[in-house]
Structures are given as structure tokens and as C-alpha cells.
Amino acid sequence: MKILFVCTGNICRSPMAEGILRHKLDVAGLNDETDSCGFESFHVGDHPDKRAQAVRRKYGLDISSHTARLFRKPDFDNFDLIYVMDSSHYYNVSRTARNSDDMKKVDYLLNLLFPAQDLSVDDPWYHDLEAFEQTYRQLDSACDKLVDLISSSKKSRP
């Protein structure tokens, strides 16, 4: 399975989620793939925000080599699941979608924890390091649930 996380600039929430999920997949012995992207071209080519990197390092992971990129139409073909962080990302992904099949792959990340509530992952960009910690906790919990779902789906296959 290939999973994509989408946020605004691809320098905070989505690369944190990508790093968290990649680590959890490795620990679980799963070979699924993950990536992240954004919609704000201003940050293309940038590495994650220093605060996002600091929080990830605190939990033993380095995301400093990540490079921000934009969401593209081929992402619908290249990924099985696309998780957005908030309503603006959902809107932007839906505007990019070619058809309803594309949108069947898209959901709010926090719907894994709070089904059908379409809650946003907190955007820490305008806040202090504690906001990045809070965002990390949200992402970590959602990624735990995602790994559980992936593991369960593989166990139920013949």
C-alpha cells in the first residue's frame, strides 16, 4: 500500500506524518510506502520547518532530508490512500481530482480516530514548539490507527 499525506507547504504536518508512519511501518515489519506533499509552491524544495525537525528528533527520527513538493494529478495514480490535514487541503485535492474514483482515495487523517467528523490536524506553523508537540501527538495517534488498519487488512487476505 502507498500512502500520501497532504498539507499546505509540506514543511510541517505532512512531513511529520510521513516520518511517523515510515517509522511505525518499519517497526511493524510492513513494507508499505509513504510520502508527503503540499499545495503552497513557496516552500517547494525546502526542508521541514526547524521546529518540526526538533520535535521529530526528540522522538528519535530525523526528517531533515525531506524536500517539499507539490501535490500533482499523478498522485492519484501513484497512491492508494491520500490523507489531508484540513478542509482547505481536502478542497484543493478535490479541485485537482479528475473523477469520483480519485476522491475515493481521499480522507481527513483524523477521521481514522474520529470517523466522519472531518476534524483538522492542528497547524503549528504560527505557534511555538509546544504547538508542534501537540501536532505530533495528533499525528502519532492517527498513524498508530493507520498501521493497525494496514496490519489487519494484510492478515485478513488469503
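Details of the structure are given in the entry above.
Numbers given to residues run from 1 along each chain, matching the order in which its sequence is written. It should be noted that, the model being predicted, local features are given only for residues of pLDDT at least 70 and side-chain atom pairs only at 80 or more, the latter also being counted only at that level, while totals for whole chains, interfaces and linings use all residues. With hydrogens and water excluded, all non-hydrogen atoms of the structure serve as input to the side-chain values.

Trainee: Got a minute to help me understand the pattern of salt bridges in this structure?
Mentor: Close approach of charged atoms allows side chains with opposite charge to pair. Any carboxyl oxygen of Asp or Glu within 4 Å of a side-chain nitrogen of Lys or Arg constitutes a salt bridge here. For the structure on display, the rule yields 17 salt bridges. Residue Asp32 pairs with Lys154 through a salt bridge whose shortest N-O separation is 3.0 Å. Pair noted here: Asp32 is in the loop between helix H1 (13–28) and strand S2 (33–38) and Lys154 is in helix H6 (residues 129–155), with a separation of 122 residues, a long-range link. Partly exposed describes any residue whose relative accessible area lies between the buried limit of under 20% and the exposed limit of over 50%, with all areas from a 1.4 Å probe on protein chains only and scaled to the type maximum. We classify Asp32 as buried; its relative accessible area is 9%. The shortest N-O distance in the salt bridge between Glu133 and Arg137 comes to 4.0 Å. Of this pair, Glu133 and Arg137 both sit in helix H6, four residues apart, roughly one helical turn. For Arg137, a relative accessible area of 36% gives the class partly exposed. Connected via shared salt-bridge partners are Asp35, Arg69, Arg72 and Asp75. Helix numbering and strand numbering both begin at the N terminus, where a helix is a DSSP run of H or I of at least 4 residues and a strand a DSSP run of E of at least 2.

Trainee: Looking at this structure, how should I read the packing of H1 against H6?
Mentor: In a packed pair of helices, the relevant descriptors are the angle between the two axes and the axis-to-axis distance. Comment: axis = line fitted to C-alpha atoms, over the contacting stretch for helices; angle = value between 0 and 180 degrees taken between N-to-C directions. In the contact formed by H1 and H6, the axes pass within 9 Å of each other and the chain directions differ by 40 degrees. Taken together, the axes of H1 and H6 lie oblique to each other. The handedness of the crossing between H1 and H6 comes out as right-handed. Of H6, the residues touching H1 (which contributes Arg13, Met16, Ala17, Ile20, Leu21, Lys24, Leu25 and Ala28) are Phe132, Thr135, Tyr136, Leu139, Asp140, Cys143, Asp144, Leu146, Val147 and Ile150. Gly counts as polar in this scheme, as do all residues outside two lists: the nonpolar Ala, Val, Leu, Ile, Met, Phe, Trp, Tyr, Cys and Pro, and the charged Asp, Glu, Lys and Arg. Residues of the contact of H1 with H6, tallied by class, amount to 13 nonpolar, one polar and four charged. Just so you know how the angles are binned, under 35 degrees is roughly parallel, over 145 roughly antiparallel, 65 to 115 roughly perpendicular, and the rest oblique. Two helices crossing with the near one rotated counterclockwise from the far one by less than a right angle form a left-handed crossing, whereas a clockwise rotation gives a right-handed crossing. Contacts: residue pairs with any heavy atoms within 4.5 Å of one another.

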